[in-house]
Amino acid sequence: MSAARGAAASDGMSASPDEVSAPSEERTHLLDRLQPDEERDLPPVVCDAESAPEGPPWHYDLSDEERAAREEKRETRQEKSDRLKQKALNKTPDKLRNPSDLQVRFRTGVIYTAATVICVLAGNIPMVLMLMVVAGICAGEFFYMLRSDAKLPNEMLGIIAAVLYPLSVYIAGLVGAMLVSLALLLALLVWYVFWLRARIPDVGVSFFGAAYTGLLLCGLVIIRVSLPAPWGGACVLLLFLSVWANDAFAYLVGSKIGRHKLAPRTSPKKSWEGFIAGLVGSMIFWCLMTLVPGITMAIPQAIVFGIISGCMGVLGDLAESRIKRNSGFKDSGTIMPGHGGLLDRSDSLFLTSITAAILLIAGGCIPYALF
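These numbers come from a predicted model, not from an experiment.

Student: What exactly am I supposed to notice about unusual backbone geometry here?
Tutor: Excluding glycine, a negative phi dihedral is what most residues carry, and trans is how most peptide bonds are arranged. Cis geometry marks the peptide bond from Ala229 to Pro230; its omega dihedral reads 0 degrees. For Pro230, the location among the structural elements is in the loop between helix H9 (218–226) and helix H10 (231–257).

The structure is reproduced here in structure tokens:
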């Protein structure tokens, strides 16, 4: 064995320097694999705000002709919309043609309120359909804002899941919500694996947007189906009124005597005076809920629930304000003239609805089987 080692050593000693320094094919391949990522030809997996393509993910990689055709269709739709608006304006009486901001805000609020009251009182199916429409529009506005914050959410999957949440809870209860969440998670994982531009934050934003705009609204469905008609609709309507009273009282009092800022960096116009007045408005309508047949709730309990619900409404409003501020938006959309987007009008409702459902079930106020 020592002789063999000596022979091997002598062979290595006698080898030329070029033969010693020349790397083998395996070593060359290993060195190539150990090169830094910057020097290798990798597919682009990160997309910042400047290089992010326009439109949702399924509109990427369009040819110039397809993009031009899509832009032409968009311009055609806009021209048609402008013609319809002008036609409606021509039929409008002169005294209504140039309304003030307050008049526009009031008219839009009346239409929104009337549509909500009609759908809530009409029955389970109309209310569920209304919530599905609200969830879909709010999800679209949410994802539109997040794209400006250098996020690339999967808008299609997020909007579909947001729309399906109220329907699934109405059909199968909490099991339905769990199934929709699982299906959304699996679909987002498949999208993340096969679409290399997607990042983990994009997956998280897509899931959060669907749950934020769709899942939280399911609290209204739970409350509605827990009570027989028409009292389920009456309870949901009172919950809507508590949210609107919270906003109205806070605005009226805060704009008049508000001096101490509640969250100056997130929403400079909100004050502690308006916050307290809003809680009073919320408590009033929660106390009225004690008169609804089927609800077992005492006045002190209603006051506590009204305070908690009002706080959750303010938190939801501040959360949406923070999202808009981070994304650089004043309003989430333009679907409601004088109010902004539908998400701006529903931000307080999201947390309030799910909080109210939890409080009423946990407090034994309404009969509901979780599973």
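There's plenty left to go through after this.
Student: I tried to follow the side chain of Ser321 on my own but got confused; where do I start?
Tutor: Among the secondary structure elements, Ser321 is positioned in helix H12 (residues 299–327). When its relative accessible area of 11% is taken as the criterion, Ser321 is described as buried.

Student: Explain the side chain of Ser309 to me, please; I cannot follow it from the model alone.
Tutor: Its place among the elements puts Ser309 in helix H12. Take Ser309: its relative accessible area is 2%, and that puts it in the buried class. Discounting residues that sit within four places of it in the chain, Ser309 has contacts with Leu239, Ser282, Trp286 and Thr352.

Student: Before we go on, may I ask you to explain empty space enclosed by the protein in this structure?
Tutor: Once rolled over the atoms, a probe with the size of a water molecule shows which space is left empty. By the definition in use, this model includes three cavities of 30 Å³ or more. Of the volumes computed, that of the largest cavity is approximately 60 Å³. For the largest cavity, the full set of lining residues is Tyr112, Thr116, Met130, Leu131, Val134, Leu217, Phe240, Ser346 and Leu349. Those elements giving two or more residues to the lining of the largest cavity turn out to be helix H5 (101–122), helix H6 (124–147) and helix H13 (342–362). Ranked by the residues each element gives to the lining of the largest cavity, the list is headed by H6, at three residues. Counted by class, the lining of the largest cavity contains seven nonpolar, two polar and no charged residues.

Student: Just checking my understanding: could you explain H13 for this structure?
Tutor: Because the α-helix completes a turn every 3.6 residues, residues three or four places apart line up on one side. Across its 21 residues, H13 extends 30 Å between first and last C-alpha, which sits within 8% of the 30 Å expected from 1.5 Å per residue. The largest bend along H13 measures about 30 degrees and falls at Ser348. Burial analysis of H13 places 15 of its 21 residues in the buried class, the great majority of the element. Count one or two residues on from H13 and you reach Gly364, which has phi positive near 70 degrees.

Student: Just checking my understanding: could you explain the environment of Ser271 for this structure?
Tutor: Structurally, Ser271 is set in strand E2 (residues 267–271). Overall, the relative accessible area of 6% leaves Ser271 in the buried class. Between the C-alpha atom of Ser271 and that of Ala250, which follows or precedes it by 21 residues, the distance is 8.2 Å. Beyond its immediate stretch of four places on either side in the chain, Ser271 contacts Gly254, Gly258, Arg259, His260, Lys261 and Leu262.

Student: Hey, could you run me through a nonpolar patch on the surface in this one?
Tutor: Among the surface-exposed residues, Phe249, Ile276, Val280, Ile284, Leu288 and Leu291 lie close enough to one another that they form a single nonpolar patch of about 520 Å² accessible area. If you tally residues by element for the nonpolar patch, the top one is helix H11 (residues 272–289), at four residues. Following the sequence through the fold, Leu288 ends up in helix H11. For Leu288, a relative accessible area of 36% translates into the label partly exposed.

Reading guide: rules and limits
Residues numbered from 1 in each chain as written. Predicted model: local features only at pLDDT ≥ 70, side-chain atom pairs only at ≥ 80, totals over all residues. Heavy atoms only, no water. Helix = DSSP H or I, 4+ residues; strand = E, 2+ residues; numbered from the N terminus. Buried < 20%, exposed > 50% of the residue type's maximum accessible area, 1.4 Å probe, protein only. Contact = heavy atoms within 4.5 Å. 1 Å grid on protein atoms, 1.4 Å probe; cavity = no way out; pocket = protein on both sides within 12 Å on 5 of 7 lines; lining within 4 Å. Points joined across faces, edges and corners; volume = space filled by probe spheres on them. Nonpolar A, V, L, I, M, F, W, Y, C, P; charged D, E, K, R; others polar. Expected span 1.5 Å × (residues − 1). Bend = angle between axes of the 7 residues up to and from the residue. Patch = residues over 30% accessible without salt bridge, like charges linked within 9 Å, V, L, I, M, F, W, Y side chains within 5 Å. Areas by Shrake-Rupley, 256 points an atom, 1.4 Å probe, with all protein chains shown as cover. Salt bridge = Lys/Arg side-chain N within 4 Å of Asp/Glu carboxyl O.

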